[in-house]
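What follows is the residue order along each chain.
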Amino acid sequence: MKKTTFLFLLSFSLGSLAIAQDINDEITLIQAEFGMGKKQLVEAVMDLPESVAPGFWIVYQQYEGQRQLLARERILLINEYLENYANLDNELSDSLAKGIMKNTAARNKLHKKYYKQFKKMTSARDAAKFMQLDNYIHSTLRNITLQELPFIDEF
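The following refers to the structure shown. (Residues numbered from 1 in each chain as written. Predicted model: local features only at pLDDT ≥ 70, side-chain atom pairs only at ≥ 80, totals over all residues. Heavy atoms only, no water.)

### Focus: the overall build of the protein
Keep this limit in mind: Helical segments are the DSSP runs of H or I of at least four residues, strand segments are the runs of E of at least two, and each set is numbered from the N terminus. Buried, partly exposed and exposed residues are distinguished by accessible area as a fraction of the type maximum, computed with a 1.4 Å probe on protein chains only: under 20%, between the cut-offs, and over 50%, respectively. What makes two residues a contact is simply this: any of their non-hydrogen atoms within 4.5 Å.
When you go through the protein residue by residue, the secondary structure sums to 5 helices and 0 strands. Walking the protein from its N terminus toward its C terminus, one meets helices and strands in the order α-α-α-α-α. Taking all 155 residues of the protein together, the buried fraction comes to 39%. Within the protein, residue pairs in contact and separated by at least 24 positions form 73% of the contacts whose partners lie at least 6 positions apart.

Listed below in structure tokens is the structure:
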């Protein structure tokens, strides 16, 4: 499953970039395309019984809406880093570092909030399974992104 999931994620992380007019259009296109594929992957991995599936998907849609806002913020921070890479000073470096840490903390808080809701709609096992899958997906995407970002003072 890991190899299939990785290829799936890679295809969504690289698609649609050239089509968009600006960063916000790019983010919207990527999130729309990624969201459809992610939902299919979650559906296949979770394999929920019909008795709990409707409740799970209601919570999932709410979760994804909030997660996408955080993902948008993170992408904008990364874009700001790339646009200003050659001229990074202490002030901007500090602002970007704090922004990423704040975004990561907000994502962890979101997981904590929604774990409880997923558990209430399904079970602790299903909620944990979803969180494990979601962490895997987003950790993989973050690793792909980090591999492409230059380190400060790299060039």
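### Looking at the packing of aromatic side chains
Given two aromatic rings, one states the distance between the centres and the angle between the planes to describe the pair. Condition: Aromatic contacts are taken between Phe, Tyr and Trp rings whose centres are within 6.5 Å, Trp giving its six-membered ring; a plane angle under 30 degrees counts as stacked, one over 60 as edge-to-face, and the others as tilted.
Tallied over the entire structure, the rule returns 12 aromatic pairs. Taking the centre distance of 6.1 Å and the plane angle of 20° together, the rings of F56 and Y60 count as stacked. One end of the pair, F56, and the other, Y60, are both in helix α3 (residues 53-83), 4 residues apart, so they sit about a helical turn from each other. The buried category is assigned to F56, whose relative accessible area is 1%. Ring centres of F56 and F130 lie 5.6 Å apart, and the angle between their planes is 80°; on these two criteria the pair is classed as edge-to-face. Separated by 74 residues along the polypeptide, F56 in helix α3 and F130 in helix α5 (residues 124-148) bring together distant segments of the chain. As far as burial versus exposure is concerned, F56 and F130 are alike and both buried.

### Looking at the nonpolar core
Heads up, the condition is: Each nonpolar core is a collection of buried residues, namely Ala, Val, Leu, Ile, Met, Phe, Trp, Tyr and Cys, held together in the definition by side-chain atoms within 4.5 Å.
Counting 23 residues, the largest nonpolar core has V42, F56, Y60, Y114, F118 and F130 as the members making the most contacts within it. When residues of this core are traced back to their parent elements, those giving at least two are α2 (23-46), α3, α4 (90-121) and α5. Setting aside anything within four residues of it in sequence, one finds F118 in contact with F56, V59, Y60, Y63, S123, A127, F130 and M131. L77, Y81, L92 and L149 belong to the second largest nonpolar core, which has 7 residues in total.

### A look at the pattern of salt bridges
Where charged atoms from two side chains of opposite charge approach closely, those side chains can pair. Our working rule: Salt bridge, as applied in this entry: a Lys or Arg side-chain nitrogen positioned within 4 Å of an Asp or Glu carboxyl oxygen.
One pass over the structure, following the stated rule, counts 5 salt bridges. Ionic pairing is found between K38 and E64, a salt bridge with its closest N-O pair at 2.5 Å. Of this pair, K38 sits in helix α2 while E64 sits in helix α3, and the two are 26 residues apart along the sequence. By relative accessible area, which is 0% here, K38 ends up buried. A residue is classified by how much of its surface remains accessible, and E64, at 5% relative accessible area, is buried. Here R67 ties to E64 by a salt bridge, and the two come within 2.8 Å at their closest N and O atoms. One end of the pair is R67 and the other is E64, both in helix α3 and 3 residues apart, which spans about a single turn. Judged by its relative accessible area of 5%, R67 is buried. Linked through salt bridges whose partners overlap, the residues forming this network are K38, E64, R67, R107 and D134.

### Thoughts on the packing of α4 against α5
Heads up, the condition is: Fitted lines through C-alpha atoms serve as axes, helices being fitted only where they are in contact, and the angles separating the N-to-C directions of these axes extend from 0 to 180 degrees. We call two directions roughly parallel when the angle between them is under 35 degrees, roughly antiparallel when it is over 145, roughly perpendicular when it lies between 65 and 115, and oblique otherwise. Here a crossing is taken to be left-handed if its near helix is turned anticlockwise relative to the far helix by less than a right angle, and right-handed if that turn runs clockwise. For this scheme, ten residues count as nonpolar: Ala, Val, Leu, Ile, Met, Phe, Trp, Tyr, Cys and Pro. Four count as charged, namely Asp, Glu, Lys and Arg, and the remainder, Gly too, count as polar.
Relative to each other, α4 and α5 sit at 155°, their axes nearing to 8 Å. By the angle between their axes, α4 is roughly antiparallel relative to α5. α4 and α5 meet at a crossing whose hand is right-handed. Two secondary-structure elements touch here, α4 through N103, T104, R107, H111, Y114, Y115, F118 and K119 and α5 through A124, A127, A128, F130, M131, D134, N135, H138 and R142. Here the contact of α4 with α5 is composed, by residue class, of 8 nonpolar, 5 polar and 4 charged.

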